[in-house]
Amino acid sequence: MNVLVVGAGSMGEWFARTLRDHTDATLAFTDTDSDAARRAAEAVGGSAVPTDTDDRFDAVCIAVPMPVAEVAIEEYAPRATDAVVDVTGSMTAPLSAMAAAAPEMQRASLHPLFAPENAPGNVAVVTDAGGDAVDVVVGALAAAGNDTFETTPEEHDEAMETVQAGAHAAVIAYALAAADVPDRFHTPVSAGMADLVEQVTGGDAHVYADIQETFEGADRVAEAARRVADADRDDFAALYETLP
């Protein structure tokens, strides 16, 4: 299978490396940053192609930031002969764009719920139009030790409001509010929060910004924090008792 990966970031490279290790796929990268495409291709033993390529590929994987996913799908889905998939992180909008741009193609949205350096892990899958090519891709992810599970675009995107937008907002808000406390004062809870802050702030600010722009959830965290801050003793206890 000949595969074009659109987007030479860490997730695109992870996807290509997974296919390389678990299929006989040949791989190509394209990116608006031609140097990044070349480096990614060298890293996985593939090739780099220009963004205006007219080449056709058995499968095209869209691995670009969420805000430009639909534009990339519209441009590159016609380069596929069998399947179009994405690993952008949202599902409803990309799947809709795939259906419009490649209605006769196999189509799937895949969301690895981890940073590439933390692989393997859980991978959410929505198979909008299945077939052999999509099966090869999903099979490669499973063969790499990932737990792939089928969901729906609506279920996935709603979950991301909590597990991404809300969770990240809570951690970042704590980081912004926390004082610089010597380690000897930390409790198990605060030390755990400090570890989460380190994990989040070790990432890419633009990726986290894309998540906040794409998914709701941060406002609910802010509202909950205000309820806690404004609660008197009895109100706080009542709130606490509603927790799982």
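This structure is a prediction, so every number in the text was calculated from the model and none was measured. (Residues numbered from 1 in each chain as written. Predicted model: local features only at pLDDT ≥ 70, side-chain atom pairs only at ≥ 80, totals over all residues. Heavy atoms only, no water.)

## Some points on the side chain of Ser90
Right, so step 1: Relative to the helices and strands, Ser90 is located in the loop between strand S5 (80–86) and helix H4 (92–101).
Right, so step 2: Filtering out sequence-adjacent residues up to four positions away, Ser90 remains in contact with Met66, Ser109, His156, Asp157, Thr214 and Phe215. (Helix = DSSP H or I, 4+ residues; strand = E, 2+ residues; numbered from the N terminus. Contact = heavy atoms within 4.5 Å.)

## Quick look at the packing of aromatic side chains
Right, so step 1: Scanning the model with the defined rule gives two aromatic pairs in all.
Right, so step 2: Judged by centre distance (5.6 Å) and plane angle (80°), the rings of Trp14 and Phe114 are edge-to-face. Note that Trp14 is positioned in helix H1 (residues 10–22) and Phe114 in the loop between strand S6 (106–112) and strand S7 (122–129), a separation of 100 residues in sequence. By the burial criterion, Trp14 is buried, and Phe114 matches it. (Phe/Tyr/Trp six-rings, centres within 6.5 Å; stacked < 30°, edge-to-face > 60°. Buried < 20%, exposed > 50% of the residue type's maximum accessible area, 1.4 Å probe, protein only.)

## Focus on the layout of surface pockets
Vacant regions in the atomic arrangement are exposed by a probe of water-molecule size rolled over the atoms.
Right, so step 1: Approximately 1,400 Å³ is the volume found for the largest pocket.
Right, so step 2: Taken together, 46 residues form the lining of the largest pocket, with Ser10, Met11, Ala115, Pro116 and Val207 sitting closest to its centre.
Right, so step 3: If you list the elements that add at least two residues to the lining of the largest pocket, you get H1, helix H3 (69–76), S6, helix H6 (153–177), helix H7 (188–201) and helix H8 (205–214).
Right, so step 4: Across the lining of the largest pocket, the residue classes tally to 25 nonpolar, 16 polar and five charged.
Right, so step 5: Estimates place the volume of the second largest pocket at around 360 Å³.
Right, so step 6: Along the walls of the second largest pocket sit 13 residues, with Ala170, Ala173, Tyr174, Val221 and Ala225 positioned nearest its centre.
Right, so step 7: Listing elements by their share of the lining of the second largest pocket, those giving two or more residues are H6 and helix H9 (218–230). (1 Å grid on protein atoms, 1.4 Å probe; cavity = no way out; pocket = protein on both sides within 12 Å on 5 of 7 lines; lining within 4 Å. Points joined across faces, edges and corners; volume = space filled by probe spheres on them. Nonpolar A, V, L, I, M, F, W, Y, C, P; charged D, E, K, R; others polar.)

## Observations concerning the pairing of strand S4 (residues 57–62)
Two faces, one strand: in a regular strand the side chains alternate between the faces of the sheet.
Right, so step 1: For S4, the buried fraction is high: five of the six residues fall into the buried class.
Right, so step 2: In this sheet, S4 lies alongside strand S1 (residues 2–6) in parallel orientation, the contact comprising four bridges. Counted as the bridge partner of Val5 is Cys61 from S4.
Right, so step 3: Taken together, the five bridges between S4 and S5 define a ladder with parallel strand orientation. Considered in S5, the bridge of Ala59 is made with Ala83.
Right, so step 4: At this point the chain moves from S4, through H3, to the parallel S5, and the crossover so formed is right-handed. (Pairing = 2+ DSSP bridges. Right-handed = clockwise from strand over helix to strand, strands pointing away.)

## Quick look at the sheet that holds S4
Right, so step 1: Sheet architecture is open: eight strands sit in the order S3-S2-S1-S4-S5-S6-S7-S8, paired in mixed fashion. Taken across any chain shown, the strands that pair with only one partner, and hence form the sheet edges, are strand S3 (47–48) and strand S8 (147–150).
Right, so step 2: Where S5 and S6 come together, four bridges link them in parallel fashion. Within S6, the residue paired with Asp86 across the bridge is Ser109.
Right, so step 3: Each of S1, strand S2 (26–30), S4, S5 and S6 is contacted by H1, which is oriented at about 170° to S2, the strand it contacts most.
Right, so step 4: Its contacts with the sheet place H4 against S5, S6 and S7, and it is angled at close to 160° to S6. (Axes fitted to C-alpha atoms, helices over the stretch in contact; angles between N-to-C directions.)

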